Amino acid sequence: MDFQTGFFYLFAAVLLFSAYRVVTARNPVHAVLYLMLAFSQAAALWLLLKAEFLGITLVLVYLGAVMVLFLFVVMMLDINIDSLRKGFWHFPLAAVIGAVVAGELIAVLWVGFPTIATSAPTVPADVSNTRELGKLLYTAYLYPVQVAGFILLVAMIAAIALT
């Protein structure tokens, strides 16, 4: 086993453990911290797949902004979880949803994945996928990027005005 495969299994194991702990943690602050760990492991897996832009975006957007906001909101609310969990056990609904998800997974694994091509296209060593994505975003998709930036600016101004 090479290093890349070993790191993949390590990151995947930590990701599965942290995802399990997000669901089973009793303290909401601990659940948010486990979710941050899960996002960091997913970013590491993206980096192993040589998708640097997606990995760094996951770290910057989700870990740097969204999860910190979630953590502050959860810590500021100080919710009494024990009073909310009384009478909240809905096993039949959870069993139906779990059976549907398991059936979908079995169907996907039973049919298999479509075979694309037998040989992968060769990419020159000096080509960076982040650079190519940047070129594409700022040439062919310049106007949609500008519109998305303007919408985000309006949303940010509205959020500041509301607070």
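Structure shown above.
Residues numbered from 1 in each chain as written. Predicted model: local features only at pLDDT ≥ 70, side-chain atom pairs only at ≥ 80, totals over all residues. Heavy atoms only, no water.

**Focus: the pattern of salt bridges**
For side chains bearing opposite charge, pairing can occur when the charged atoms are close. Using the criterion set out here, one finds one salt bridge in the structure. Taking the shortest distance from any N to any O, the salt bridge between Glu132 and Lys135 comes out at 3.9 Å. Here Glu132 pairs with Lys135, and both are found in helix 6 (residues 129-137), just three residues apart, close to one helical turn. Exposure remark for Glu132: the relative accessible area of 37% places this residue in the partly exposed category. (Salt bridge = Lys/Arg side-chain N within 4 Å of Asp/Glu carboxyl O. Helix = DSSP H or I, 4+ residues; strand = E, 2+ residues; numbered from the N terminus. Buried < 20%, exposed > 50% of the residue type's maximum accessible area, 1.4 Å probe, protein only.)

**Quick notes on a nonpolar patch on the surface**
On the surface, Val147, Phe150, Ile151, Leu153, Val154, Met156, Ile157 and Ile160 cluster together to form a nonpolar patch covering roughly 790 Å² of accessible area. Along the polypeptide, Ile151 turns up in helix 7 (residues 142-162). (Patch = residues over 30% accessible without salt bridge, like charges linked within 9 Å, V, L, I, M, F, W, Y side chains within 5 Å. Areas by Shrake-Rupley, 256 points an atom, 1.4 Å probe, with all protein chains shown as cover.)

**Brief notes about the side chain of Ser18**
Checked against the element boundaries, Ser18 lands in helix 1 (residues 3-24). By relative accessible area, Ser18 is classed as buried at 0%. From its side chain, Ser18 meets the backbone oxygen of Leu15 in a polar contact 3.0 Å long. Sequence-distant contacts of Ser18, defined by excluding residues within four places in its chain, comprise Tyr34, Leu37 and Ala38. (Polar contact = N/O pair within 3.5 Å; in protein donor to acceptor, adjacent residues only side chain to side chain. Contact = heavy atoms within 4.5 Å.)

**Here's the deal with the packing of aromatic side chains**
Applying the stated criterion to the full structure yields four aromatic pairs. Taken together, a centroid distance of 5.9 Å and an interplanar angle of 20° make the contact between Phe7 and Phe11 stacked. With Phe7 and Phe11 both in helix 1 and four residues apart, the pair spans about one turn of that helix. Residues Phe8 and Tyr9 carry aromatic rings whose centres are separated by 5.6 Å and whose planes lie at 65° to one another, so their mutual orientation is edge-to-face. Its relative accessible area of 40% is what places Phe8 among the partly exposed residues. (Phe/Tyr/Trp six-rings, centres within 6.5 Å; stacked < 30°, edge-to-face > 60°.)

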